[in-house]
Amino acid sequence: MLKLKLNHKDDLFKFILSIFVFGIILIFFTVVTVILYYSYPAVSRFGIAFLWTKEWNPPKEIFGAATFIAGTFMVTIIALIFAIPLSLGIGIFLEEYCPKFLKGFFTIIIELLAGIPSVVFGVWGVLTIVPWLRKYIEPFFKSHFSFIPFLQVTENIGYGILAASIVVAFMVVPIIASITKDSLAAVPKITKDGALAMGATRLDVIKDISLPFSYRGIYGGIILGFGRAVGETIAVVLLIGNQAIIPKSIFGVGYTISAVLANTFTFAVISPIYASSEVELALILLLVSLIVNIIGRNVLQKVIGGKLSRAQFGGG
Amino acid sequence: MTDINKNNIDNITENNKDEIKIEVKNLNFNYGDYHLLKDINLFFKKNSVCTILGPSGCGKSSFLRTLNRMNDYTEGSKLTGEVLLDGKNIYSKSVDVVELRRNVGMVFQSPNPFPKTIFENVAFGLKIHGIKNKQFIEERVEKCLKYAGLFDEVKDKLHKNAFSLSGGQQQRLCIARAIATNPSVLLMDEPTAYLDPAATATILDLIADFKKFYTIIIVSHNIQQAGRISDYSGFFLDGELIEFSKSGDFFTRPKDKRTENFITNRF
Amino acid sequence: MAETDNHKKTGDPNNYFPVNKSYIKRKKIYNRIAYGFAASAFILGAFPVFHIIYSALIIGYKYLNWRFVSTLPTGFPIGAKGGILNAIVGDLYLVVIASCLAVPLGIGSGLYLSLFGKQRTNSVIRLLNELMIGIPSVVWGIMGFYIFSTNAGLGFHFGFSALAGGLTLGFIMTPIVTLLTEQAVHRIPASYIEGALAMGATKWQATKSVIVKAAMGGIFTAVLLGVLNIIGQTAPLLFTNYYNTGLPTGITGPGGAVGDIAMLIFIYIHEPSHILHYKAETAVVVLLFFVFALDIGMRLISWLTVKIFEMF
Ligand SMILES: Nc1ncnc2c1ncn2[C@@H]1O[C@H](COP(=O)(O)OP(=O)(O)OP(=O)(O)O)[C@@H](O)[C@H]1O
Ligand SMILES: [Mg+2]
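As the structure is a prediction and not an experimental result, all values here were calculated from the model.

Participant: Hey, could you run me through the overall build of chain B in this one?
Facilitator: Of the regular secondary structure elements, chain B holds 11 helices and 10 strands. Taken over C-alpha atoms, the radius of gyration comes to 19 Å for chain B, in line with the 18 Å a tight globule of 267 residues would show. On the principal axes, the C-alpha backbone points of chain B span a range of 55 × 45 × 40 Å. Among the 267 residues that make up chain B, the fraction classed as buried is 59%. Here the contacts in chain B between residues at least 6 apart in sequence split such that 68% fall between residues at least 24 apart. Working note: accessible area of chain B is about 11,000 Å², and carbon and sulfur atoms make up 46% of it. Within chain B, one finds 36 positive and 33 negative side-chain charges whose respective centroids are separated by 4 Å.

If you want it as structure tokens, here you go:
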């Protein structure tokens, strides 16, 4: 921050810029206000029970979000179960193992993954992941693992929670991986050298120096990845099967909050309470994203100075 | 015996082979195309202290890092020649780098404790070499902290984070850490560069004391210090070893004009 | 082994060190395994990038030609014949409208945050700005519907139109441009700005003469990254613009809706028609071309900026 006395021209300049700043504050409050305002009828009518009511019945005007919350939760958690080890591996590979002359190029590849639009991921899921699940994975699980809860296959259709989770996992990988990489890079080289000079292997350094040093940053990355996964819409709509049932297996179909909004919001606006219930669904997403990002941002601030990496602004 | 041309070294090797800890033969070292260390030949005697002097950027740190193969991690670097430790080339294929680094300890320019407790810092070397016996570890940690003259200061806070120590204490902790695996060689890269005079004096006393166990090679900027603690001194300039001899001769009767300039300018 | 004996000869004789050879052998193997896992993780993570491009190209190359990008969709179902001109034109509309909002707002706010303001208030603004980056796009879409599109109640009543969609995308783009502009100004060496100010320049003059020049590359990158982000957005357009198979006749009201490549892909892939799936994959090639072109452009600019800095 530069400290200087202002003169007239600067006053004018500052005034104009502050109008722009007012603009971004206005945008923030617009989105929050609109969502609060239009969800208010549903919030006041259904109360907190909205969160655990399972029925979603527009003709009878009974609205509960439990089914969609469950679907959202399942997709997010399963996606993270895939994405976390993958991202940690990628971050560790790029920062600790990868030959220096390849590091830049390899990092760009992971950043490209972040830039791929979600509709493209969706198409890839429909044309690649779904057939693969249907032809190979589901029959395999059906014949070998049908006794394990959550892994039963009733029909080989490919679409469902798992298909959506796999694709969402790839969408959050660049976020977690790049933050992992940045956090590992923040470990002082001289500390790592100290361990290497005592006869530590790379793995010793990772286990005993790098990860203990940077785990907070990695948590932050996971939290931001969670935020991204919760709100992911277009790819999920194309893959999850879009049926309002709480899935009993990861191979089952389901529905997420974002998917139900994408599919039905334009019809819902015909009925005020229907529309309001849908906006309340959006309110859940908004609140989760705000909370998750506040926490994630705070965690990251301490590790990598809160600098969001390039992979944060992926393609919609 | 002030000259260290190749013949001289050969003579020494034949006569007192057992007294030589490390012998460097025709060492050349490149960072990519940059030919830094040029045909270095010298030896370090067992249980002696040797100081490496030279202006900034002349390759002292790089030289030190070739002695425990830390240069392995510098991409694009290239090394030719031999470094014989107890008569065995440390760059030969059969050498176990992990064991080499246990045997050749290193202390860095600025204190670099691990983000762990004081106890864990000293125990680190034991842990990564597969020692699990708790009692052995505890005894060894205490012993090494005592050797490093740190035990009395930290005995009540062994399980506190190492960063809670002062700079001088941290550096002594790093020394304790380095000797925990009982190396026979200690490499020290300007170990007192960032310390105040009192902390520096403590560490110099340690070094003088350690001579009875270890062969110590120390990079220093401080010529007075070097004269005081070292048995041998070497002078590097632009990656060349200009002079290497007994400290007495080195400081009073330097053979090379450039050495003399370096010494006198600083005194 | 000789090494095991060495420490007895030298080193501290009272500090015998039991060398555990088998442990060291094992830990080296573990290290190899960890390397293998990490490298496989990278390969698995990089796989979709290549497979997505590959699977789009393998279909796309049959349909991709000049006509595909220069004609409107026709045939039955619509799109079975013809190309995607409506969507390319539509994206142009949306990007221009969004940029009209986001570029001045984002750059202005970014400059303010880096040049003026109190530490406290600025950090609150920064927080709000970064929180906006995390808001899911479908939420923005619902906001856009009520503010811009709906014809009932409050709002601008633009209908499903380019203006409504573009402004909603502009809302999404603004915080990205703000954040990156501020970072770009921060990367300018302090001596640059202070030099100008020491010579008696006002901040306005300093901005004109120094900051704009020095941060130009970074600010350009900020805008490109914003465009790259919105060009792939589909969800917000569902409620604010939807889709038009033809060219728009205006930017608001009936006939004001535009096509959009991402939306076209989304709609085509829903249709039970192979030919539309093929067209969707071909459109993926076009969309990825734009995305990667922007990406490369951005990297070139920031690379050049760094080079130019190094020259001085
Ligand atoms: N990793 C590296 N890659 C390329 N060049 C290097 C690298 N490390 C050091 N150098 C170069 O090698 C030369 C010697 O560096 P070195 O650190 O060995 O010098 P030094 O004598 O220890 O200096 P100082 O007294 O400042 O520590 C320097 O010119 C430096 O720029
Ligand atoms: Mg040095």
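We are not done yet, so read on.
Participant: Is there a simple way to explain the confidence of the model for chain B in this structure?
Facilitator: When pLDDT drops low, the exact placement of atoms in the prediction is not to be read closely. Per-residue confidence for chain B gives a mean pLDDT of 88; residues scoring 70 or more make up 93%. When pLDDT is averaged over each element of chain B, helix α4 (residues 118-128) of chain B comes out on top at 95 and helix α1 (residues 6-15) of chain B at the bottom at 46.

Participant: When you look at the site of ligand 1 in this model, what are you seeing that I'm missing?
Facilitator: Residue and element names in this part refer to chain B. Of all residues adjacent to ligand 1, which total 13 residues, the nearest are Ser56, Gly57, Lys60, Ser61 and Ser62. With respect to ligand 1, the backbone of Gly57 contributes an N or O atom lying 2.8 Å from an oxygen atom. In this structure, Gly59 approaches ligand 1 through a main-chain N or O atom, which is 3.0 Å from an oxygen atom. In the complex, the protein chains occlude 61% of the 640 Å² of accessible area that ligand 1 would expose alone. When residues of the shell around ligand 1 are traced back to their parent elements, those giving at least two are β2 (34-45) and α2 (60-66). Looking at the shell around ligand 1 residue by residue, the classes come out as 4 nonpolar, 7 polar and 2 charged.

Participant: Sorry if this is basic, but what is going on with a nonpolar patch on the surface here?
Facilitator: On the surface, a nonpolar cluster with roughly 660 Å² of combined accessible area is contributed by Ile296, Leu300, Trp303, Leu304, Ile308 and Met311 of chain C. Here Ile296 of chain C shows up in helix α12 (residues 274-311).

Participant: Could you clarify how one ought to interpret the environment of Gly232 of chain C in this entry?
Facilitator: Looking at the secondary structure, you find Gly232 of chain C in the loop between α9 (203-231) and α10 (235-238). Measuring from C-alpha to C-alpha, the distance between Gly232 of chain C and Ser40 of chain C comes to 29 Å, with 192 residues separating the pair along the chain.

Participant: Honestly, the sheet that holds strand β3 (residues 49-53) of chain B in this entry has me stumped. Any pointers?
Facilitator: Backbone-to-backbone hydrogen bonds join strands into a sheet, with any given pair of strands oriented parallel or antiparallel. Residues and elements named next belong to chain B. If you walk across this open sheet you meet the 6 strands as β6-β7-β8-β3-β9-β10, and the pairing is mixed. Each edge of the open sheet is held by one strand with a lone partner, namely β6 (104-107) and β10 (240-246). Within the sheet, the average angular offset between the axes of one strand and its neighbour, ignoring direction, is 15°. For β3 and strand β8 (residues 215-219), the ladder comprises 4 bridges, and the chain directions are parallel. Pairing of Ile52 across the sheet is with Val219, part of β8. Contacts from helix α7 (residues 167-179) reach β6 and β7 (185-189) within the one sheet, and its direction differs from that of β6 by about 170°.

Participant: Where do I start with the side chain of Asn30 of chain B in this structure?
Facilitator: Residue and element names in this part refer to chain B. Take Asn30: it is sitting in strand β1 (residues 20-31). Look at Asn30 and you get buried, because its relative accessible area is 12%. A polar side-chain atom of Asn30 sits 3.4 Å from the main-chain carbonyl oxygen of Gly32. The residues touching Asn30, leaving out its near neighbours within four places in the chain, are His35, Leu36, Gly76, Ser77 and Lys78.

Participant: When you look at the side chain of Lys45 of chain B in this model, what are you seeing that I'm missing?
Facilitator: Residue and element names in this part refer to chain B. Of note, Lys45 is situated in strand β2. Among the polar contacts made by the side chain of Lys45, one reaches the side chain of Glu19 at a distance of 3.0 Å. Excluding residues that lie within four positions of it along the chain, Lys45 makes contacts with Glu19, Ile20, Lys21, Thr215 and Tyr232.

Participant: Could you clarify how one ought to interpret the interface of chain C and chain A in this entry?
Facilitator: It is common to report an interface's size as the accessible area lost on association of the parts. The interface is formed by 94 residues belonging to chain C together with 86 residues belonging to chain A. For the pair chain C and chain A, the two sides together bury roughly 8,200 Å², of which 80% comes from carbon and sulfur. Glu130 of chain C is the salt-bridge partner of Arg297 of chain A, the closest N and O atoms lying 2.8 Å from each other. By residue number, the principal contributor to the side of chain C that touches chain A is helix α2 (residues 21-63) of chain C, which donates 20 residues. Partitioning the side of chain C that touches chain A into residue classes produces 61 nonpolar, 24 polar and 9 charged.

Participant: Could you clarify how one ought to interpret the packing of helix α4 (residues 118-144) of chain A against helix α11 (residues 261-270) of chain C in this entry?
Facilitator: For any two helices packed against each other, one specifies the inter-axial angle together with the distance between the axes. α11 of chain C packs onto α4 of chain A with a crossing angle of 25° between their chain directions and a minimal axis gap of 9 Å. It follows that α4 of chain A is roughly parallel to α11 of chain C by the angle criterion. The element α4 of chain A and its partner α11 of chain C pack so that their crossing is left-handed. Within the contact between the two elements, α4 of chain A uses Val119, Val123, Val126 and Leu127 of chain A and α11 of chain C uses Ala262, Ile265, Phe266 and Ile269 of chain C. The class makeup of the residues in the contact of α4 of chain A with α11 of chain C is 8 nonpolar, no polar and no charged.

Participant: Help me understand the UniProt feature "transmembrane region" (unreviewed entry) in chain C, please; the structure alone is not making it clear to me.
Facilitator: As recorded in UniProt, the feature "transmembrane region" (unreviewed entry) lies at residues 33-61, 92-115, 127-148, 154-180, 210-231, 251-270 and 282-306 of chain C. Annotated as residues 154-180 of chain C, this span is 70% helix and 0% strand, and its ends, taken at the C-alpha atoms, are 33 Å apart.

Participant: For this particular structure, what's the right way to read the sheet that holds β1 of chain B?
Facilitator: Residue and element names in this part refer to chain B. Read across the sheet, 4 strands follow the order β2-β1-β4-β5 without closing on themselves; strand pairing throughout is antiparallel. Of all the strands in the sheet, the pair left with one neighbour each is β2 and β5 (88-89). Relative to β5, strand β4 (residues 77-85) is paired through 2 bridges, and the arrangement is antiparallel. When the sheet's bridge partners are listed, Leu85 is paired in β5 with Lys88.

Participant: What am I meant to see in the environment of Phe136 of chain B here?
Facilitator: Topologically, Phe136 of chain B is positioned in helix α5 (residues 134-147). Separated by 10 residues in the primary sequence, Phe136 of chain B and Leu126 of chain B have C-alpha atoms spaced 9.5 Å apart.

Participant: What am I meant to see in the UniProt feature "domain: ABC transporter" (unreviewed entry) in chain B here?
Facilitator: The UniProt record annotates "domain: ABC transporter" (unreviewed entry) at residues 22-263 of chain B. As a span, residues 22-263 of chain B carries 37% helix and 27% strand, and end to end its C-alpha atoms are 26 Å apart.

Participant: Just checking my understanding: could you explain the packing of aromatic side chains for this structure?
Facilitator: Scanning the model with the defined rule gives 50 aromatic pairs over all chains in all. Summarising the aromatic geometry, the rings of Phe235 of chain B and Phe262 of chain B are spaced 4.7 Å apart at their centres and angled 35° between planes, so their arrangement reads as tilted. Remark: Phe262 of chain B occurs in helix α11 (residues 257-266) and Phe235 of chain B occurs in strand β9 (residues 232-237); sequence separation between them is 27 residues. Both residues of the pair, Phe235 of chain B and Phe262 of chain B, belong to the buried class. Cluster of aromatic residues (ring-pair linked, three or more members): Tyr37, Tyr38 and Phe265 of chain A together with Phe145, Tyr146, Phe160 and Phe239 of chain C. The side chain of Lys146 of chain B reaches across the aromatic face of Phe151 of chain B, ending 5.1 Å from its centre. Geometry around Phe114 of chain B places Arg177 of chain B over its ring, the cationic atom sitting 4.0 Å from the centre.

Criteria and cut-off values
The numbers attached to residues start from 1 for each chain and follow its sequence in the written order. Lettering of chains starts at A and numbering of ligands starts at 1, both following the order in which they are written. Residue-level local features of this predicted model are given only where pLDDT is at least 70; pairs of side-chain atoms are given and counted only at 80 or more, and the full residue set underlies all totals for whole chains, interfaces and linings. By convention in this description, side-chain values take in all heavy atoms of the structure and omit both hydrogens and water. In this text, helices come from DSSP runs of H or I with a minimum length of four residues, and strands from runs of E with a minimum of two, each type numbered from the N-terminal end. All radius of gyration figures rest on C-alpha atoms, and the globule criterion is 2.2 Å times the number of residues raised to 0.38. Throughout this description, buried means an accessible area under 20% of the type-specific maximum (1.4 Å probe, protein chains only), exposed means over 50%, and partly exposed covers the range between. Here, two residues are considered to be in contact whenever any of their heavy atoms come within 4.5 Å of each other. Where accessible areas are quoted, they stem from the Shrake-Rupley method and a 1.4 Å probe; at the residue level, only the protein chains shown are allowed to cover. In this tally, Asp and Glu contribute negative charge and Lys and Arg positive charge; neither His nor the terminal groups of the chain are included. Charge positions come from single atoms, namely NZ of Lys, CZ of Arg, CG of Asp or CD of Glu. Summary of the metric used: pLDDT quantifies the predictor's per-residue confidence within the range 0 to 100. Think of it this way: one heavy atom of a residue within 4 Å of a molecule or strand is enough to make that residue near it. Pairs of N or O atoms within 3.5 Å make up the polar contacts considered here, provided that, within protein, one atom can donate a hydrogen while the other can accept it, and that residues adjacent in sequence are counted only when both atoms are side-chain atoms. Three categories are distinguished: nonpolar for Ala, Val, Leu, Ile, Met, Phe, Trp, Tyr, Cys and Pro, charged for Asp, Glu, Lys and Arg, and polar for the others, with Gly belonging to the last. Patches here: salt-bridge-free residues with over 30% relative accessible area, like charges joined within 9 Å, nonpolar side chains (Val, Leu, Ile, Met, Phe, Trp, Tyr) joined within 5 Å. What counts as a salt bridge is simple: a side-chain nitrogen of Lys or Arg found within 4 Å of a carboxyl oxygen of Asp or Glu. Two strands pair under a simple rule: DSSP has to find at least two bridges between them. Here an angle of 0 to 180 degrees is reported between the N-to-C directions of two axes, which are lines fitted to C-alpha atoms, with helices fitted over the stretch in contact. Once two parts are brought into contact, the accessible area they lose, counted with a 1.4 Å probe and summed over both, makes up the buried area. The scheme is simple: roughly parallel for angles under 35 degrees, roughly antiparallel for over 145, roughly perpendicular for 65 to 115, oblique for anything else. When the near helix sits turned anticlockwise from the far one by under a right angle, the crossing is termed left-handed; a clockwise turn instead gives a right-handed crossing. UniProt positions are given in the numbering used here, feature names are shortened, and annotations may be inferred rather than shown by experiment. Any two rings among Phe, Tyr and Trp, with Trp reduced to its six-membered ring, count as a pair given centres within 6.5 Å; such a pair is stacked if its planes are under 30 degrees apart, edge-to-face if over 60, and tilted if neither. The criterion is that NZ of a Lys, or CZ of an Arg, lies within 6 Å of the ring centre and within 35 degrees of the ring normal, and then a charge sits over that ring.

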